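Now for the letters of each chain:
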Amino acid sequence: MKYILYQLKKNPLAIIGIAIIVFWVLAAFIGPSVLTYTHTEMDSLNQMVSPGVSGHVLGTDALGRDILSRIIVGSRSILTVALLTSMVSTLLGIVLGFSAAYFGGKIDQTFLRMMDIMMAIPPLVLSMVVLGILGGSSIMSLTLIVSIAFIPATARVSRGSLLTCKNNEYVDAARIRGESHIYIMFVEILPNTIGPIIVEATARFAYSIMMVASLGFLGVGLQPPTPDWGMMVIENKQIITDAPWAVLYPAAAIASLVIAISLFSDFVSKVLIHEQ
Amino acid sequence: MNFTFMIIKRLGSLVVTLVVMSVVIFLLVEIMPGDVAEMILGQSATPESLEALREERGLNDPVFTRYLRWAGGLLQGDLGESIYMRGVPINTLLWRRVGHSMLLALTAFIIFVPLSIFLGIVAGVKAKKTADSIISFLGLATMALPEFVSGVFLISIFAVQLRIFPIISVIPIGESVFSNLDILILPALSITFVMFGYVSRMQRSSMIQVMNSDYIRAAMLKGMPRRYVILRHALKNAMLPTITIIGMNMGWLFGGLIVVETLFAYPGMGSLLMTAIRTRDVPLIEACVLLITVVFAVSTLITDVMYGFLNPRIRFQGDVQ
Amino acid sequence: MNSSILTIENLNVYFDVFGGSVSAVRGLNLTLDHNESIGIIGESGCGKSTLSYTIMRYLAPNSRVTGKVMFREDNLLEKTEQEILAFRGNRIAMVYQNPYSSLNPALTIGFQLDEVTRFHQKASKEKAREKSIQALTSLNMGDPEGLVKRYPHQISGGMQQRVCIAMALLCQPDLMILDEPTTALDVTTEAVILDLIRDLKDKYAMSLMYISHDIGVINKVADRIVVMYSGEIVESGPNEELFAHPHHPYTRALINCIPREGLVKENFRLNTIPGYVKQRGTDEGGCPFAERCSMKVAGCIERYGMREVGEKHAAACDRAYAADVADSFAKLKVSRSKQHADHTKPILEVQDLYKHFGKKRKIYAVNGVSVGVERGTVLGIVGESGCGKTTMGQTAVGLYTPSKGRILFNDTDISVSWKKRSPEMLKQIQFIFQNPGRSLNPSHTVEQIISRPLKKLMGISSREERKTRIIKMLEQVGLSEEYLSKKSSHLSGGEQQRVAIARAFCLSPGLIICDEPTSALDVSVQSSVLNLLGDLQAETLAAYVFISHDLHVINYISDYIMVMYLGRVCEYGTREEVMQPPFHPYTEALLSSVPEIDPSQKKRKIRLGGQLPDPAKKIRGCPFAGRCHMQIGTICETQPPPLVKFSDTHSLSCHLDFPDAVREPAGEATG
């Protein structure tokens, strides 16, 4: 605990990052209840008005929808999906990566071959094609598909960290007192590899935001009327010269969240992996 | 000898990967809701004409037969016909687009590879100093920044405010991309951001690791100047892991291509794939995804070979006295 | 002209760390004469490496240095970064502990050699290459022209260290600093390298500063020994003088810690030093050893400093203890009865054991070993790396299964993996690993670590009962109850190994396999662990298989000794039989290579040439042929050596003709 505070003092950027994350979480929870406009309401008198005009704090888009409301409501879905995705993909990664590295030999070979094949399609292309073909994304399908697309990355981290621990003699010591594989993997090894895995999971959170936003931008993310930050950018791109706020504020929202999480992830790695 | 063997082995696994991928892609599209014949003829088609078309195109054949037909066509260089564009051969559509995408990827590559390696090395050498703090923060900030986000910021600065570059990157009809090279800059820069974040961070940590190694200490204590030690002793070792990292991140780069091509309306393969998905153009989706897989696989293979070639421990593997 | 090469005056080195600064070297004065060779000895954390890097001016940025380091007329501490380059590698050269990691893996050996003369002597490419080849030739390395084109990973560890030495010699430096250059090497290779260093010193009229934790190694190369403790020099003097009349209590305590020829567990308890080396802050003064010293008086804090105690002999303790050295040694003498258990039934019997690894490239790790361990005795297995001793031990506990042959425990066949062994069998055979930091789970507490086997294998389900047993066991290994809740990563190496021993003994096993249990520890900790293992063995009558590369440790603890080479038994017998002639040539070579802490001991010099053969090759004849100094002809290479029996217990495998021995033809060819 003392060490965390010491590191916090040394990393003012981490404090900023954490503050931004807290801001967005609060926005997602209580934001919608304090808004003047709803996210679907079309204020036909105030189309493409600049920030501040008649209570539209961040202006409106071409249909007269309030940008602020759409951003605030949009934070809910992106946070939910990204959080779920980073957890699901990390857990799947632990299970697959641990089993492969622990049992080694043929199992590991098969695992690596499978990962090779999965990695042959870039994760964004994979998610985009699958979601596009299935049509009509929901939080469930989005989470599931992005998680699967991330498995090669998360499983590799788990596999690697187990491999470095596997050769420690406490694993042999556990074997020669007849412990089960599950016990060895999760009681003996996991506590010693959890650091890098948590770091990877927080970084994965940032990548999930990136991925979900990009999918929304490509139009295969959550479908209207749910406001989606990525989709707001592409919808309003045509009016970037006339109403730049309609594009730039959602983009800034994404950037702030992604950068904040990256800063947080860097801080976590400094605390957990006593780097240099 | 061993090294050649390794390359052959990698080529073999590449072929296996491609075969498996082609099956997966084929099956994936197979489960797509909707009927191809209906898509071609439209809602108003009679059941008889639908059936006739199915028969004519062999759509009633078992999945396996259809896969073999498709794969056989691929091997002969026949990618099939686009449905949405009424039977235009995909070959005539695709390759121009692929060329455009490659050109864009290459432009991005030329910008981000030297930039991120150079700054990563600077950060690693000056670890914990001001230069490092700035570079590290930039890397961290751009590490997971979606390409379209950096893209719209670039647009609003360079295209809307300063008017140096165009807002969209379309090629006027009848002109070649080479006479419009300025349209490449903003899309390439958008890709550069995220790649820079990842690669420069990796380069920095590998540089720090190398600089703390015993052999760098030994070289310094032989009385070599620091600059020389960094250039001759550290660089080669520190860049080896980066090569692999770049290879693995080519996937992100291709994903990024789709995003920026959509943002800038650039006529590349990514935007073509987007259109294909939107219009549910089955053969076109299959062709695009397969092509991306091939290009991605080949680029990882190239980085692997480069890695092996630059690393004597792999090049002379098993050649121990 | 001043004949001294290096004069260090009142040197202090501090490191700023989280929450203050610590002193790594303090008030250090040292003079090194032209063509003199000194050895700096100390346990880990005593500041000996910091000293060498201070001389080279290569310290971490969080360090502060005060004092003077005069190299002839130049104060190295006042040189600029640019000026210091002319000294490094040119007039002061350094050789490091780990040759493999000290050579750049991406550059050829030739390139790394050439650059030294290209920089310091502005030699042309051709000239530099010529010099590099000359240097390699002067170190008796075959085919230097081929060698320069190779990469470091393509040559053996011994060769790599010679390359590093050649590199250091290129500019014929005035001073060569060697930081544990042989610690990573096998003892026979070490002996060859040490001879080489000694010869080179005279040939090039260099001064040497040799840093090591091993007095025996230093005896072989140095004329004068400097003992460091906690960043300070506590004693310095000529080898013989220092060994015969150590003045400082630390020096004496250290010497008595080390197993040596003639010391065995029945007649001697090794000395132990209570406590551990403390990091000292900048403001603490007085004798750094006072806290652990058995002779401490009030004056140890105020009246402290180096003074002459004999010719060239200085010590930092002002009370002459030289007189009671003999006493302090005598106090350690004990007389333990030798356990003579029944010879009828061995507790562990290994029958013609083979273990091969790999499929395509087969590694022949163990090739036809037969041996028995009698109840209540210690079998010591000694051999260099790659001799198969660890594989044997791991096969016995079931981490590997034999490729061929059988292992019997109390007549039960246990040639199966741990998965197929009964809990009773798992309980009966325990294993103590080399590295306690790695054999105890760093995220578990001591209680969890010892408790788990009690629950799993002894079936004790009550937590209270387990706790009572653990506390009792901890007391037996010299740890108190408060260790129960400590995480193993917060313990020192010695404490960790005690916990590992407690974990093994709390199951009352019949056999314990100790795989180099003291190799990762400092000598003062090693001695306490060896004492503990000796005591526990006498108490519990458990049998040990004690695996080590250190002949002195093996000699101290074992009743029977087996010498292994390349997966085969060279010689087996009781301790006395193996340690005295007639010898197997390899045993003889090992004995002659082992460094001795008593510098007056002169031994026959046997130096092995060549390297260990490729373990993936099948060997038809004697595995030691080719390196053997007694080789009698091609028969050694083509035919497996016969078993030569001298008594019921003593036998060796050799083609040599020993009188009064029974020869049995060799068994079937290996493989």
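Residues numbered from 1 in each chain as written. Chains lettered and ligands numbered in written order. Predicted model: local features only at pLDDT ≥ 70, side-chain atom pairs only at ≥ 80, totals over all residues.

A. Seen up close, the overall build of chain C. Each helix and strand counted, chain C has 24 helices and 26 strands in total. Here the C-alpha radius of gyration of chain C, 26 Å, is about what a compact globule of 671 residues would show, namely 26 Å. Here chain C holds 671 residues, and 50% of them are scored as buried. Considering only residue pairs separated by 6 or more positions, chain C has 67% of its internal contacts joining residues 24 or more positions apart. (Helix = DSSP H or I, 4+ residues; strand = E, 2+ residues; numbered from the N terminus. Rg over C-alpha atoms; globule rule 2.2 N^0.38 Å. Buried ≥ 20, exposed ≤ 12 C-beta atoms within 10 Å, placed from the backbone. Contact = placed C-beta atoms within 7 Å.)

B. Region of interest: the overall build of chain A. Of regular secondary structure, chain A possesses ten helices and zero strands. Helices and strands in chain A line up, N terminus first, as α-α-α-α-α-α-α-α-α-α. A total of 276 residues make up chain A; the buried ones form 54% of that total. If you take every contact in chain A between residues at least 6 apart in sequence, the share linking residues at least 24 apart comes to 70%.

C. Local environment of the sheet that holds strand 2 (residues 20–33) of chain C. All names here are of chain C. Pairing is antiparallel in the open sheet, where five strands are placed in the order 5-4-1-2-11. Only two strands of the sheet have a single neighbouring strand rather than two, namely strand 5 (74–75) and strand 11 (280–281). Both strand 1 (residues 4–17) and strand 2 contribute to a ladder of ten bridges, which runs antiparallel. Bridge assignment links Phe-15 to a residue of strand 2, and that residue is Val-22. Lying over the sheet, helix 1 (residues 48–55) contacts strand 1, strand 2 and strand 4 (63–71), oriented at roughly 70° with respect to strand 2. (Pairing = 2+ DSSP bridges. Axes fitted to C-alpha atoms, helices over the stretch in contact; angles between N-to-C directions.)

D. Structural detail: helix 17 (residues 446–458) of chain C. All names here are of chain C. The end-to-end C-alpha separation of helix 17 is 18 Å, in line with the 18 Å expected for 13 residues at 1.5 Å each. Within helix 17 the residues assigned to the buried category are Val-446, Ile-449, Ile-450, Ser-451, Arg-452, Pro-453, Leu-454 and Leu-457. Gly-459, located one to two residues past helix 17, shows a positive phi value of around 70°. (Expected span 1.5 Å × (residues − 1).)

E. Layout of the packing of helix 11 (residues 269–278) of chain B against helix 12 (residues 282–310) of chain B. Residues and elements named next belong to chain B. Where helix 11 meets helix 12, the axes come as close as 9 Å, and the angle between the chain directions of the two elements is 145°. Here the hand of the crossing between helix 11 and helix 12 comes out left-handed. Mapping the contact onto sequence places Met-269, Leu-272, Leu-273, Ala-276 and Ile-277 in helix 11 and Leu-284, Ile-285, Cys-288 and Leu-291 in helix 12. Looking at the contact of helix 11 with helix 12 residue by residue, the class counts come to nine nonpolar, no polar and no charged. (Left-handed = near helix turned anticlockwise from the far one by under 90°. Nonpolar A, V, L, I, M, F, W, Y, C, P; charged D, E, K, R; others polar.)

F. Region of interest: the interface of chain B and chain A. Every contact between the two is made by 40 residues of chain B and, on the other side, 40 residues of chain A. Of all elements in the fold, only helix 1 (2–30), helix 6 (130–142), helix 7 (147–161), helix 10 (226–264), helix 11 and helix 12 of chain B reach the threshold of two or more residues within the side of chain B that touches chain A. By residue number, the principal contributor to the side of chain B that touches chain A is helix 10 of chain B, which donates eight residues. When grouped by side-chain class, the residues that make up the side of chain B that touches chain A number 33 nonpolar, seven polar and no charged.

G. Focus on unusual backbone geometry. Residues and elements named next belong to chain C. For the peptide bond that leads from Pro-581 to Pro-582, omega is 0°, which places it in the cis range. Relative to the helices and strands, Pro-582 resides in the loop between helix 22 (575–579) and helix 23 (585–593). Phi at Asn-10 takes a positive value of approximately 40°, unusual for a residue other than glycine. Looking at the element boundaries, Asn-10 is found in strand 1. For Asn-10, a count of 11 C-beta atoms within 10 Å corresponds to the exposed category. Of note in this structure, Asn-410 is not a glycine but carries a positive phi near 50°.

H. Structural view of the interface of chain C and chain A. With 18 residues of chain C in contact, the opposing surface of chain A contributes twelve residues. Elements that contribute at least two residues to the side of chain C that touches chain A include exactly helix 15 (423–428), helix 16 (436–439) and helix 17 of chain C. Split by residue class, the side of chain C that touches chain A holds eleven nonpolar, five polar and two charged.

I. Highlighting the sheet that holds strand 15 (residues 363–374) of chain C. Residues and elements named next belong to chain C. The four strands are arranged 15-14-17-18 in an open sheet whose pairing can be described as antiparallel. The strands lining the two open edges of the sheet, one partner per strand, are strand 15 and strand 18 (412–413). Sitting on the sheet, helix 14 (residues 389–396) touches strand 14 (346–357), strand 15 and strand 17 (404–409), and the angle it makes with strand 14 is about 115°.

J. A look at the packing of helix 10 of chain B against helix 12 of chain B. All names here are of chain B. Running from N to C, helix 10 and helix 12 cross one another at 180°; their axes reach a closest spacing of 9 Å. Classed by the angle they form, the pair helix 10 and helix 12 counts as roughly antiparallel. Here helix 10 contributes Lys-236, Leu-240, Ile-243, Thr-244, Ile-246, Gly-247, Met-248, Met-250, Gly-251 and Phe-254 to the contact with helix 12, which in turn contributes Ile-292, Phe-296, Ser-299, Thr-300, Thr-303, Asp-304, Met-306, Tyr-307 and Leu-310. Split into classes, the residues belonging to the contact of helix 10 with helix 12 amount to eleven nonpolar, six polar and two charged. (Parallel < 35°, antiparallel > 145°, perpendicular 65-115°, else oblique.)

K. Layout of the confidence of the model for chain A. Taken residue by residue, chain A gives an average pLDDT of 86. The fraction at 70 or more is 98%. Taken element by element, chain A is modelled with least confidence in helix 1 (residues 2–10) of chain A, mean pLDDT 78, and with most confidence in helix 7 (residues 169–175) of chain A, mean pLDDT 92. (pLDDT = per-residue confidence, 0-100.)

L. The arrangement of the environment of Ile168(B) in detail. Residues and elements named next belong to chain B. Secondary-structure assignment places Ile-168 in the loop between helix 7 and helix 8 (185–211). Distance in space between the C-alpha atoms of Ile-168 and Thr-262 is 9.8 Å, their sequence separation being 94 residues. When sequence neighbours within four positions are dropped, the list of residues in contact with Ile-168 reads Phe-264 and Ala-265.

M. Broad picture of the pairing of strand 16 (residues 378–382) of chain C. Residues and elements named next belong to chain C. Most of strand 16 is tucked away, with five of its five residues classed as buried. Side chains Val-378, Gly-380 and Val-382 of strand 16 all project onto a buried face; the interleaved residues Leu-379 and Ile-381 project onto the opposite face, where all are buried too. When strand 16 meets strand 21 (residues 543–548), the two strands line up parallel, connected through five bridges. Counted as the bridge partner of Ile-381 is Ile-547 from strand 21. Examined bridge by bridge, strand 16 and strand 22 (residues 560–565) share four bridges and lie parallel to one another. By the bridge assignment for strand 22, Ile-381 is matched with Met-562.

N. How the structure looks around the environment of Ala543(C). Residues and elements named next belong to chain C. Tracing the sequence through the fold places Ala-543 in strand 21. We classify Ala-543 as buried; it has 25 C-beta atoms within 10 Å. Separated by 500 residues in the primary sequence, Ala-543 and Glu-43 place their C-alpha atoms 31 Å from one another. When neighbours within four sequence positions are excluded, Ala-543 is seen to be in contact with Ile-347, Leu-348, Val-373, Glu-374, Arg-375, Gly-376, Thr-377, Gly-510 and Leu-511.

O. Inspection of the nonpolar core at higher detail. The biggest cluster of nonpolar side chains holds 356 residues, and the ones touching the most others in it are Ile209(A) and Val258(A). With 18 residues, helix 10 (residues 244–272) of chain A is the single largest residue contributor to this core. With sequence-adjacent residues up to four places away left out, Ile209(A) is seen in contact with Ile78(A), Ala82(A), Leu257(A), Val258(A), Ile261(A) and Ala144(B). (Core = buried A, V, L, I, M, F, W, Y, C linked by C-beta atoms within 7 Å.)

P. Spatial organisation of the pairing of strand 14 of chain C. All names here are of chain C. Here nine bridges tie strand 14 to strand 15, and the two strands are oriented antiparallel to one another. Along strand 15, the bridge assignment pairs His-356 with Tyr-364. Two successive antiparallel strands, strand 14 and strand 15, enclose a turn made up of five residues, where Gly-358 displays a positive phi of approximately 80°. Of the strand pairs in this sheet, strand 14 and strand 17 are connected by five bridges, and their pairing is antiparallel. Within strand 17, the position partnered with Leu-348 by the bridge is Phe-409.

Q. Highlighting the confidence of the model for chain C. Averaged over every residue, the pLDDT of chain C is 88; residues scoring 70 or more account for 96%. The ipTM for the predicted assembly is 0.86, set against a pTM of 0.86.

R. The arrangement of the environment of Leu221(B) in detail. Along the chain, Leu221(B) falls in the loop between helix 9 (214–220) and helix 10. Apart from residues lying up to four places away in sequence, Leu221(B) is in contact with Met56(C), Tyr58(C), Arg88(C), Gly89(C) and Met94(C).

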